[in-house]
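Okay, here's what each chain looks like letter by letter:
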Amino acid sequence: MNLRSCSMIVISSVLLLTACNSASTIEKMYDHLEKAATLEEAFVEQQDAIVELEEKEQELYNEIIDSETDEKDKINELAEEAIGVIQERSEKMDLEKESIEASKEEFKKVEDLIKDIENENVKAKADDMFATMLDRYEAYDDLYSAYTTSLTLEEEFYKMLQEEPGQEELDEHIAEINTSYEEVMDTNDEFNELTSSYNELKKEFYDLAEMDVQYDEE
């Protein structure tokens, strides 16, 4: 399982500002960029919890698979517990999305500020950075959609187990789940790649704007 392995924004506090022009604009942008990063801290916290819940569900699934077919009560109990874990994952995903939405709202405040940057090279880099981050937010929306779809399919699977379905029906549903997992992993990879690209562009932007910043990449 372990479908999730997302990246976070890494740039932290400013040490020295020496921008030769548009200094006040750059300072304002810095404040919004770093506040957007801070607003994603809750997002990172939810990721850790989601991974733990994925591992817990995997253990329950393995226990169900290892159970004898005549241990119906045991299978039903394990399936019910797995459904509870899925619902917890769904709640964590909603909290994660709230964090991303708050970050997006803060980040978009730099859009008008970019127009005020006088240095064309700095402005061009800011435009690239801004566009990449918007692509990242869009990629997260795709990830959230794919992941919640997989949760729905998983919950349906455990409910099916409680109703004694035929093997063909189970196999078809498992194939559907596996397809959804592939989409989750693909969108997750895209999100991580865009996060890395954004982080690099933000560093380049700060460098071009002659800002001396410290990076926290732990």
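Bear in mind that the values here come from a model prediction, so they are computed numbers and not experimental data. (Residues numbered from 1 in each chain as written. Predicted model: local features only at pLDDT ≥ 70, side-chain atom pairs only at ≥ 80, totals over all residues. Heavy atoms only, no water.)

Turning to the overall build of the chain, a few remarks are in order. Secondary structure assignment for the chain yields six helices and two strands. In the chain, the order of α-helices and β-strands from amino to carboxyl end is β-α-α-α-α-α-α-β. Counting the 218 residues in the chain, one finds 44% classified as buried. Long-range contacts, defined as pairs at least 24 residues apart, comprise 84% of the intrachain contacts of the chain with a sequence gap of at least 6. (Helix = DSSP H or I, 4+ residues; strand = E, 2+ residues; numbered from the N terminus. Buried < 20%, exposed > 50% of the residue type's maximum accessible area, 1.4 Å probe, protein only. Contact = heavy atoms within 4.5 Å.)

Mapped onto the fold, Arg-136 is located in helix H5 (residues 120-161). At 2.7 Å, the side chain of Arg-136 forms a polar contact with the side chain of Thr-195. (Polar contact = N/O pair within 3.5 Å; in protein donor to acceptor, adjacent residues only side chain to side chain.)

Mapped onto the elements, Glu-163 comes out in the loop between H5 and helix H6 (167-208). Sequence separation between Glu-163 and Lys-72 is 91 residues, and the spatial gap between their C-alpha atoms is 9.9 Å.

This part covers the environment of Ser-103. Inspection of the secondary structure puts Ser-103 in helix H3 (residues 72-107). The spacing of Ser-103 and Ala-37 is 66 residues in sequence and 6.8 Å in space, taken between C-alpha atoms. Setting aside residues no more than four positions away along its own chain, Ser-103 makes contact with Ala-36, Leu-39, Glu-40 and Tyr-137.

A separate point is the packing of aromatic side chains. Overall, the coordinates contain 11 aromatic pairs when judged by the stated rule. Ring plane angle 45 degrees and centroid distance 6.0 Å describe the contact between Tyr-61 and Phe-157, whose orientation is recorded as tilted. Linking Tyr-61 in helix H2 (residues 41-66) with Phe-157 in helix H5, this pair joins segments that are 96 residues apart in sequence. The class of Tyr-61 is partly exposed, set by a relative accessible area of 26%. (Phe/Tyr/Trp six-rings, centres within 6.5 Å; stacked < 30°, edge-to-face > 60°.)

This part is about a negative patch on the surface. On the surface, Glu-41, Glu-45, Asp-48, Glu-52, Glu-55, Glu-59, Glu-63, Asp-66, Asp-73, Glu-77 and Glu-81 cluster together to form a negatively charged patch. Breaking the negative patch down by element, the ones donating at least two residues are H2 and H3. (Patch = residues over 30% accessible without salt bridge, like charges linked within 9 Å, V, L, I, M, F, W, Y side chains within 5 Å. Areas by Shrake-Rupley, 256 points an atom, 1.4 Å probe, with all protein chains shown as cover. Salt bridge = Lys/Arg side-chain N within 4 Å of Asp/Glu carboxyl O. Lys, Arg positive; Asp, Glu negative; His and termini not counted. Charge placed at Lys NZ, Arg CZ, Asp CG, Glu CD.)

Quick look at H5 now. Over its 42 residues, H5 runs 62 Å from end to end, which matches the ideal 62 Å to within 8%, given 1.5 Å per residue. Put simply, Asn-119 is the residue that caps the front of H5, since its side-chain oxygen is 2.9 Å from the backbone nitrogen of Asn-121. (Expected span 1.5 Å × (residues − 1).)

On to the layout of surface pockets, then. In this structure, the largest pocket spans a volume of roughly 370 Å³. In terms of lining residues, the largest pocket is bounded by 16 residues, among which Ile-64, Thr-69, Ile-75, Leu-161 and Leu-170 are the most central. Per element, the largest residue contribution to the lining of the largest pocket is four residues, and it comes from H6. Considering only residue class, the lining of the largest pocket consists of nine nonpolar, four polar and three charged. (1 Å grid on protein atoms, 1.4 Å probe; cavity = no way out; pocket = protein on both sides within 12 Å on 5 of 7 lines; lining within 4 Å. Points joined across faces, edges and corners; volume = space filled by probe spheres on them. Nonpolar A, V, L, I, M, F, W, Y, C, P; charged D, E, K, R; others polar.)

What follows concerns the nonpolar core. Met-29, Leu-33, Phe-107, Tyr-140, Tyr-158 and Phe-205 are the most contacted members of the largest nonpolar core, which totals 55 residues. Among the secondary structure elements, those contributing two or more residues to this core are helix H1 (23-38), H2, H3, helix H4 (111-114), H5, H6 and strand E2 (211-215). If you tally residues by element for this core, the top one is H5, at 18 residues. Not counting residues within four places of it along the chain, the set of residues in contact with Tyr-158 comprises Glu-57, Tyr-61, Ile-64, Ala-79, Ala-82, Ile-83 and Ile-86. (Core = buried A, V, L, I, M, F, W, Y, C linked by side-chain atoms within 4.5 Å.)

What follows is about the packing of H2 against H3. Remark: H2 packs on H3, axes separated minimally by 9 Å, with the N-to-C direction vectors making an angle of 165 degrees. As far as their axial angle goes, H3 and H2 are roughly antiparallel. For the pair H2 and H3, the sense of crossing is left-handed. Split into classes, the residues belonging to the contact of H2 with H3 amount to 16 nonpolar, three polar and 10 charged. (Axes fitted to C-alpha atoms, helices over the stretch in contact; angles between N-to-C directions. Parallel < 35°, antiparallel > 145°, perpendicular 65-115°, else oblique. Left-handed = near helix turned anticlockwise from the far one by under 90°.)

Quick look at the confidence of the model for the chain now. Averaged over every residue, the pLDDT of the chain is 87; residues scoring 70 or more account for 88%. Element-level pLDDT for the chain is lowest in strand E1 (residues 11-17), with a mean of 44, against a maximum mean of 96 in H4. (pLDDT = per-residue confidence, 0-100.)

For the structure on display, the rule yields 11 salt bridges. In this structure, Glu-57 and Arg-89 form a salt bridge, with 2.1 Å as the shortest nitrogen-oxygen distance. Here Glu-57, found in helix H2, pairs with Arg-89, found in helix H3; they are 32 residues apart in sequence, far enough to count as distant. Each member of the pair, Glu-57 as well as Arg-89, is classed as buried. Its salt-bridge partner being Lys-159, residue Glu-155 comes within 3.3 Å of it at the nearest N-O pair. Of the two residues, Glu-155 and Lys-159 both sit in helix H5, four residues apart, roughly one turn of that helix.

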